[in-house]
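One letter stands for each residue in the lines below.
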Amino acid sequence: MQALTPERLHEIMADTGATLDECRRLVAQITQRGRDVLSGVRNVRAGVRDETARRVAVGALKVLTRQASAEDPFVKFALECHDGAVIETVRIPLEKPGRFVVCVSSQVGCAMGCAFCATGEMGLSRNLEAWEIIEQIRIVARELAATKAGRVHGVVFQGMGEPLHNLDNVLTALEVIRDPCGLAIDARNVTLCTVGLVPGIDRLTALAPRARLAISVTSARAALRRRLVPMEGHHPIAEVIAAAKRYHSQTGRLVMLAYAMLGGVNTDDEEAEALARLLDGWPARLSLIEWNPVPGQPWRRPTDDERQRFHDALGRLGVPVVRRYSGGKDIGAACGQLASETRQPERSARRRASWMLEETE
Ligand code: SF4
């Protein structure tokens, strides 16, 4: 299966004499409307069209379930891959009517093992191919178009998996996402959220500087963070923030810092002070997300009082804070919450999706 850009199709068709312009028309048709309707493409020679149909295999994901939240306009899709693996994708509404963000998965499971995340309990089954990432967005976009409900405005890699652990395929998917003949989504509206794979952050900075970077911080204290985010043992948070600063200085784009609040664990004054020291006046926003219950995990949500005290302490210390709404709780699409009811080939399909309506406090 291929994740097609016009340039890639041009390479595939090099011996046929297909022009780049013909490839652009074909890729737009395949990506935006599906391969089955190639006969409708204008200004492409019949021989080139037929040969494209023979050479290009376009895969599909099967929609197993579609669950719409009764509490907010979040929709979660469970999608089956060709090997029986199940991934999840969340359609997230933006405040502006008719605009949506697609929260995509980049892997089946995840190798990072974060202690507060349901996906982390699965381990990693495999990376998703670039076309499987694209297909998640296409499924949501097709439904929005068919129901005239709006359009996909952005993409966030915050579903199953660590996107920088599958960076080659994510970068290929990014090409198709932003290509005017592909999904035609502005790369500035694409966010990659990582626990802090420093070489991946530097590679992303060099190769896809328009994409937005988000870091999952969880704690600024090394011993606590190592317990919650094992990657801390390989790339300490200070090194991760240093890489994020390089991204910021080279791209001019603000970095988003996601912070999952675990009641009684990482919401005290000591943590606020450690965060202030870590950021040291750097203009990055800290997005506070309340942990949502995952069966069997020992954490709890912060109380309103805890949350407010943490928020106030950060404010006093000059750390810019944004509160993030975590939607779709009733359908198990909220941040850190969930265990998919669908089975993976070998493991229970557990994962998290996330958030997104922002309210600045
Ligand atoms: S929080 Fe992200 S990186 Fe950590 S285990 Fe979950 S999916 Fe993987």
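Rules used in this analysis
Residues numbered from 1 in each chain as written. Predicted model: local features only at pLDDT ≥ 70, side-chain atom pairs only at ≥ 80, totals over all residues. Heavy atoms only, no water. Helix = DSSP H or I, 4+ residues; strand = E, 2+ residues; numbered from the N terminus. Rg over C-alpha atoms; globule rule 2.2 N^0.38 Å. Buried < 20%, exposed > 50% of the residue type's maximum accessible area, 1.4 Å probe, protein only. Contact = heavy atoms within 4.5 Å. Areas by Shrake-Rupley, 256 points an atom, 1.4 Å probe, with all protein chains shown as cover. Lys, Arg positive; Asp, Glu negative; His and termini not counted. Charge placed at Lys NZ, Arg CZ, Asp CG, Glu CD. 1 Å grid on protein atoms, 1.4 Å probe; cavity = no way out; pocket = protein on both sides within 12 Å on 5 of 7 lines; lining within 4 Å. Points joined across faces, edges and corners; volume = space filled by probe spheres on them. Nonpolar A, V, L, I, M, F, W, Y, C, P; charged D, E, K, R; others polar. Salt bridge = Lys/Arg side-chain N within 4 Å of Asp/Glu carboxyl O.

**Student:** Could you clarify how one ought to interpret the overall build of the protein chain in this entry?
**Tutor:** Tallying secondary structure elements over the protein chain gives 10 helices and 15 strands in all. Here the protein chain has a C-alpha radius of gyration of 21 Å; the compact-globule value for 361 residues is 21 Å, and the two agree. Taken along the three principal axes of its C-alpha coordinates, the protein chain extends 70 × 40 × 40 Å. Here the protein chain holds 361 residues, and the buried ones make up 57% of them. Taking as baseline every contact in the protein chain between residues at least 6 positions apart, the subset at least 24 positions apart corresponds to 67%. For the protein chain, the computed accessible surface area is about 14700 Å², with 49% contributed by carbon and sulfur atoms. If the 48 positive side-chain charges of the protein chain are averaged to one point and the 44 negative ones to another, these points end up 4 Å apart.

**Student:** Looking at this structure, how should I read empty space enclosed by the protein?
**Tutor:** Over the atoms, a rolling probe the size of a water molecule traces out where space has been left empty. Summed over the entire model, instances satisfying the criterion amount to two cavities of 30 Å³ or more. In this structure, the second largest cavity occupies an estimated 130 Å³ of space. Taken together, Gln2, Ala3, Leu4, Ile30, Thr31, Val58, Gly59, Trp131, Ile134, Glu135, Arg138 and Val176 form the lining of the second largest cavity. Secondary-structure elements contributing two or more residues to the lining of the second largest cavity are α2 (20–33) and α4 (130–146). At four residues, α4 tops the list of elements feeding residues into the lining of the second largest cavity. Here the lining of the second largest cavity is built from residues that sort into seven nonpolar, three polar and two charged.

**Student:** Is there a simple way to think about unusual backbone geometry in this case?
**Tutor:** Positive phi values are uncommon outside glycine, yet Asn43 reaches one of about 60°. With respect to the helices and strands, the residue Asn43 is situated in the loop between α2 and α3 (46–55). Look at Ala184: it is not a glycine, yet its phi comes out positive at around 55°. Within the element layout of this structure, Ala184 appears in the loop between α5 (167–178) and β8 (190–194). Among the residues examined, Ala184 registers a relative accessible area of 49% and is labelled partly exposed.

**Student:** How should I be thinking about the pattern of salt bridges in this particular structure?
**Tutor:** Where side chains of opposite charge bring their charged atoms close, a pairing between them can arise. Enumeration over the complete set of coordinates arrives at 25 salt bridges. Glu143 is paired through a salt bridge with Arg66; the nearest N and O atoms lie 2.5 Å apart. In this pair, Glu143 sits in helix α4 while Arg66 sits in strand β1 (residues 62–68), placing the two residues 77 residues apart along the sequence. Looking at Arg66, the relative accessible area reads 41%, which means it is partly exposed.

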